[in-house]
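Fold and geometry: a report
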Amino acid sequence: MNSAIEIKKIAVQKSERIKSIDLHPTEPWVLLGLHSGNVSIWNNNSQVTEKTLEIGKSPVRTVKFIAHKEWIVVGSDDGSVVVHPSLPCILSASDDKLIKLWDWEKGWECTKTFEGHGHYVMQVAFTPKDSNMFASASLDCTIKMWNLESSSPHLSMEGHSKGLNSVEFFETDEKLYFITGSDDYTAKVWDYETKTCIQTLEGHTNNVTSTICVKSDVNFIITGSEDKSVHAWNAITYKLDHVFTSELGRVWTIGFIKDSSQIILGCDEGVLVGQVITACS
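Below or above, wherever it landed, is the structure these notes cover. (Residues numbered from 1 in each chain as written. Predicted model: local features only at pLDDT ≥ 70, side-chain atom pairs only at ≥ 80, totals over all residues. Heavy atoms only, no water.)

**A short note on the overall build of the protein chain**
Definition in use: To qualify as a helix, a DSSP run of H or I must reach at least 4 residues; to qualify as a strand, a run of E must reach at least 2; elements of each kind are numbered from the N terminus. Atoms considered for the radius of gyration are the C-alpha atoms alone. The globule rule reads 2.2 Å times the number of residues to the power 0.38.
Within the protein chain, the secondary structure is distributed over 0 helices and 26 strands. On C-alpha atoms alone, the protein chain measures out to a radius of gyration of 18 Å, which is about the 19 Å that the 2.2 N^0.38 rule sets for 281 residues.

Written as structure tokens, this is what we have:
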């Protein structure tokens, strides 16, 4: 039985350039980080912006909910952040080539600095099966694996010919993988156990800015690019199933609402919501 994926546009919300999206775990809120320096909370049910916060004059690269504290965390244009799944901490990755761990129960003290990258660190992601482990993607063309207990990486991997913009973990058939997006116009799928690249996803005509894997009745990978498109790939066969072109310009970030099978794209000119449709034949 073959499965096909299609993305259909269902809503457009024009705004300033959106560089980051985060979804609230229980409310229909989409947190938007804007290139203008503002942060907005957009209601995906009502399609209305509920609140806009003026953070500063520099662009916002990353926004995250800390839902149980009713907080948001913002990373400016020189850094990105990720929230630890259980500890009162966040990791920040920065253009200063460093990754830092911040503990909010200690007055947001920086409790550890991780060194090893040779260029901007663009994104970090915690490992789903061990929250003491995380991966980082950098413009130095490497992915590095880290343990929270050590300030140096325990593994460095190369595979892309240009800098990396994203790294995300996903599981298929109880096996762990991660996917990277790069300025070499490709995304790569890596086996976490062997730390080897098992597939290169080719088809974009500009930098791959964002990557996610979605688990539904059909598991699929979505890649976003500065070529103004998102590509949907089968997460088992790695076949390119669908190309969706954004009418709002370059795609910088992607979110997925599980219960509704909707993807939310952050683009040059606003938010684009698409419905992911799967069909078997």
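**Remarks on the packing of aromatic side chains**
Under the convention used in this document: Working definition: a ring pair exists when centres of Phe, Tyr or Trp rings (six-membered ring for Trp) sit within 6.5 Å. Plane angles under 30 degrees give stacked, over 60 give edge-to-face, the rest tilted. For the exposure calls, accessible area comes from a 1.4 Å probe over protein chains only, and a residue counts as buried if that area is under 20% of its type's maximum, exposed if over 50%, partly exposed in between. Two conditions define a charge located above a ring, namely a distance within 6 Å from the ring centre to NZ of Lys or CZ of Arg, and an angle within 35 degrees of the ring normal.
Here the structure, examined in full by the defined rule, presents 12 aromatic pairs. Centroid distance Trp71 to Trp108: 5.9 Å. Interplanar angle 45°. Geometry classified as tilted. On the criterion of sequence distance, the pair formed by Trp71 in strand 7 (residues 71-76) and Trp108 in the loop between strand 10 (99-103) and strand 11 (109-114) is long-range, its members being 37 residues apart. Residue classification places Trp71 among the partly exposed residues on the basis of a relative accessible area of 32%. Aromatic pair Phe126 and Phe134: ring centres 6.1 Å apart, planes at 70°, arrangement edge-to-face. There is no split in this pair, since Phe126 and Phe134 are both buried. Above the ring of Trp252, the side-chain terminus of Lys19 is found at 4.5 Å from the ring centroid.

**Focus: the sheet that holds strand 14 (residues 142-147)**
Formally: Here a strand pair is declared whenever DSSP counts at least two bridges between the two strands. Comment: axis = line fitted to C-alpha atoms, over the contacting stretch for helices; angle = value between 0 and 180 degrees taken between N-to-C directions.
With antiparallel pairing, 4 strands are arranged side by side in an open sheet as 12-13-14-15. Among the strands making up the open sheet, the edge pair consists of strand 12 (121-127) and strand 15 (155-158). Strand-to-strand, the axes of this sheet are offset by a mean angle of 20°, without reference to chain direction. Sheet analysis places strand 12 next to strand 13 (residues 130-138), joined by 6 bridges and oriented antiparallel. Looking across to strand 13, one finds that Gln123 is bridged to Ala137.

So yeah, pure geometry; function would need other evidence.
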